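Listed below are the residues making up each chain.
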Amino acid sequence: MGQPDLASNSLTSYADVFADIINAVVYGGKPVLLEQNLKPFYLNSAVEKDGRLKGLYRDNCMEDIRNRIRYAIWGLENQYVPDRTTPFKSMGYTYTAYDRQIEEFLMRNKETHNSAYVSQIHPDQKLVPVITLVLYYGKEDIPEDICSMIRMPEDEAVRKYIQNYSLNLIRLRDLSQEQAEAFRSDFSCIAKFLSKSYTKREQMEALKTDRQMLTHARDTLHTLAAVTGDQQYLQIYEKYKHRGGMEVSEVAEALYQWGCDDSRAEIARKDAAIAEKDSAIAKMKSDNAEKDFAIAKKDSAIAEKDSALMEQQAEIERLHAEIRMLKQAQGQ
């Protein structure tokens, strides 16, 4: 459904991952859908829009074939952003899968010269169910049906004839721990990482003790990088890819060590900043002490001047007193 989905589209295209997601979501983790029974069901088609053909592409679609009989058709859509047109797109994908089944019956009838004429297909030619799960990696709200996107008329007589189409929306961030632990393939790493039911500590501990080997390390780590925006997952892949595989615990440990290194570097940066601030404060105190000394020196000088002025004033008063006494003596 978009450029950021390429890694997760690739990851969920593997039969073991595809089957695991269906089993975890639909069957509570029981291995009901077997990867050896899955076969790609290609549905790419085109529709006309603005006078041009526009491609209609599913992320991943597979048919479940049991004892050479098609049992169901499953679709997985990876959605990162809250695209409000998703219910309509999913409805289109579902129609396309049903339409292809009809085309297969029509072609078979034509080849066997057994046309159903007006009815198109025979009563015993039944279509198998098409089920689409939308894996939502985002945080924002997203519409879950088409009626939530329709301006509904107030007329109740009309409203009851408006048919709805609902998404099978799997909000990966809302998975419980039990639901996240139902995954057995590489996708379990994605589920455990996104599930909000884990604290960061629990999440890291769960991953650090997970001895599972990543079968599709490249696509798993690229998906984690796309989900988190953290390019360190790509560095981990480059570090271990020569071995041909790695454990989930090794990924977690590498992240933990990088986190420790980042923390130590951050602490060192903070210590350096604190030392710089302490030095600046010490300089300010030194400057203030010099200023205080200068002020004290000035105050002392002023005090000396005031004392001299007071002495001069006293001398003047004494002289005035002597003059008054002389004048009085002359008057007598």
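For clarity, every value in this text was computed on a predicted model and none was experimentally measured.

What counts, and where the lines are drawn
- Residue positions are given per chain, counting from 1 as you read along its sequence in written order.
- Local features in this predicted model are restricted to residues whose pLDDT is 70 or higher, and side-chain atom pairs enter the listing and the counts only when it is 80 or higher, whereas totals over whole chains, interfaces and linings include all residues.
- Remark: hydrogens and water are excluded; side-chain values derive from all non-hydrogen atoms of the structure.
- In DSSP terms, a helix is any run of H or I states spanning at least four residues, a strand is any run of E spanning at least two, and both are numbered starting from the N terminus.
- Relative accessible area decides the class of each residue, using a 1.4 Å probe on protein chains only: under 20% of the type maximum gives buried, over 50% gives exposed, and in between gives partly exposed.
- The contact rule is simple, with two residues in contact once any of their heavy atoms fall within 4.5 Å.
- Accessible surface area values rest on a Shrake-Rupley calculation with a 1.4 Å probe, where residue burial reflects the displayed protein chains alone.
- Whenever two N or O atoms come within 3.5 Å, that pair is a polar contact, provided that in protein one can donate a hydrogen and the other can accept it, and provided that, for residues adjacent in sequence, both atoms are side-chain atoms.
- Each patch is built from residues lacking any salt bridge and having more than 30% relative accessible area; the joining distance is 9 Å for like charges and 5 Å for nonpolar side chains (Val, Leu, Ile, Met, Phe, Trp, Tyr).
- Take a side-chain nitrogen of Lys or Arg and a carboxyl oxygen of Asp or Glu: if they are within 4 Å of each other, that pair is a salt bridge.
- Among the buried residues, those of types Ala, Val, Leu, Ile, Met, Phe, Trp, Tyr and Cys that are joined through side-chain atoms within 4.5 Å form a nonpolar core.
- Only the six-membered ring of Trp is used, alongside the rings of Phe and Tyr, when aromatic pairs are assigned; centres must lie within 6.5 Å, and planes under 30 degrees apart are stacked while those over 60 apart are edge-to-face, with the rest tilted.
- Remark: a charge is flagged as sitting over a ring if the NZ atom of Lys or the CZ atom of Arg is within 6 Å of the ring centre and within 35 degrees of the ring normal.
- To estimate how far a helix should reach, multiply one less than its number of residues by 1.5 Å.
- In predicted models, pLDDT denotes the confidence assigned by the predictor to each residue on a 0 to 100 scale.
- DSSP-based pairing: two strands are paired if at least 2 bridges between them are found.
- To obtain each axis, a line is fitted to C-alpha atoms, and for helices this fit is confined to the stretch in contact; angles are then taken between N-to-C directions over 0 to 180 degrees.
- Roughly parallel covers angles under 35 degrees, roughly antiparallel covers those over 145, roughly perpendicular covers 65 to 115, and oblique covers all other angles.
- Crossings are sorted by hand: turned counterclockwise from the far helix by less than a right angle, the near helix makes the crossing left-handed, and turned clockwise it makes it right-handed.
- When residues are grouped by polarity, Ala, Val, Leu, Ile, Met, Phe, Trp, Tyr, Cys and Pro land in nonpolar, Asp, Glu, Lys and Arg in charged, and all others, Gly among them, in polar.

Caption draft 1: The arrangement of the overall build of the protein chain in detail. Summing up its helical and strand segments, the protein chain has 10 helices and 9 strands in all. In the protein chain, which comprises 332 residues, the proportion classed as buried is 35%. Of all intrachain contacts in the protein chain linking residues separated by at least 6 positions in sequence, the fraction that spans at least 24 positions is 62%. Element-wise, carbon and sulfur atoms account for 54% of the exposed surface of the protein chain, whose accessible area totals about 21300 Å².

Caption draft 2: Fine view of the side chain of S8. Position of S8 among the secondary structure elements: in helix α1 (residues 6-12). Not counting chain neighbours up to four residues away, the residues in contact with S8 comprise N78, Y80, Y137 and T223.

Caption draft 3: Spotlight on the side chain of N60. Among the structural elements, N60 can be located in strand β4 (residues 60-66). Here N60 falls in the buried class, since its relative accessible area comes to 9%. At 2.9 Å, the side chain of N60 forms a polar contact with the backbone oxygen of N9. Setting aside residues no more than four positions away along its own chain, N60 makes contact with N9, T12, S13, F18, W74, G75, L76, E77 and N78.

Caption draft 4: How the structure looks around a nonpolar patch on the surface. A surface patch of nonpolar side chains, about 220 Å² in accessible area, is lined by F88, M91 and I150. Of note, I150 is situated in the loop between β6 (130-136) and α4 (156-159).

Caption draft 5: Local environment of the nonpolar core. Among the nonpolar cores identified, the biggest contains 44 residues, and Y137, L172, F187, L221 and M246 are the most heavily contacted of them. Here this core gets 6 residues from one element, more than from any other, and that element is helix α2 (residues 15-26). The residues touching F187, leaving out its near neighbours within four places in the chain, are L11, T12, V17, D20, I21, L135, Y137 and L172.

Caption draft 6: Quick peek at unusual backbone geometry. In this structure, N67 takes a positive phi of about 55° despite not being glycine. For N67, the position within the fold is in the loop between β4 and β5 (69-79). What makes N67 exposed here is its relative accessible area of 75%. Positive phi, normally seen in glycine, also occurs at Y117, with a value near 55°. Its location among the elements puts Y117 in the loop between α3 (86-111) and β6.

Caption draft 7: A look at the packing of aromatic side chains. Counted under the stated rule, the structure contains 3 aromatic pairs. A centroid spacing of 5.5 Å and a plane angle of 45° characterise the contact between F183 and F187, whose relative ring orientation is tilted. Note on accessibility: F183 and F187 belong to one class, buried. Between the NZ or CZ atom of R100 and the centre of the ring of F41, over which it lies, the distance is 4.0 Å.

Caption draft 8: Examining α2 more closely. A rise of 1.5 Å per residue sets the reference length of α2, with its 12 residues, at 16 Å; its end C-alpha atoms lie 16 Å apart and thus fit the reference within 8%. Of all 12 residues in α2, 9 are buried; the element is thus mostly enclosed. Residues of α2 that are buried: D16, V17, F18, A19, D20, I21, I22, N23 and A24. In this fold, the buried residues of α2 make contact with α1, β1 (38-40), β4, β5, β6 and α6 (187-194). G28 sits one or two residues past α2 and shows a positive phi near 65°.

Caption draft 9: Up close: the confidence of the model for the protein chain. Mean pLDDT over the protein chain: 85, with 89% of residues reaching 70 or higher. Below a pLDDT of 50 lies the segment residues 258-264, which in the model reaches 5 contacts outside its immediate sequence neighbourhood of four places, other chains included.

Caption draft 10: Structural view of the sheet that holds β6. With respect to topology, 5 strands assemble into an open sheet ordered β1-β4-β5-β6-β7, the strand pairing being mixed. The open sheet has two free edges, formed respectively by β1 and β7 (168-171), since each of these has just one partner strand. When strand polarity is set aside, the average angle formed by the axes of neighbouring strands in this sheet is 30°. The sheet contact formed by β6 and β7 spans 4 bridges and is parallel. The residue of β7 that forms the bridge with L135 is I170. Across the sheet, α2 is in contact with β1, β4, β5, β6 and β7; its angle to β5 comes to roughly 90°.

Caption draft 11: Looking closely at the packing of helix α8 (residues 217-228) against helix α9 (residues 232-240). Between α8 and α9, whose axes approach to 8 Å, the crossing angle comes to 165°. By the angle between their directions, the pair α8 and α9 is classed as roughly antiparallel. For the pair α8 and α9, the sense of crossing is left-handed. Together, A217, R218, L221, H222, L224, A225 and T228 of α8 and Y233, L234, I236 and Y237 of α9 make up the contact between the two elements. Here the residues of the contact of α8 with α9 sort into 8 nonpolar, 2 polar and 1 charged.

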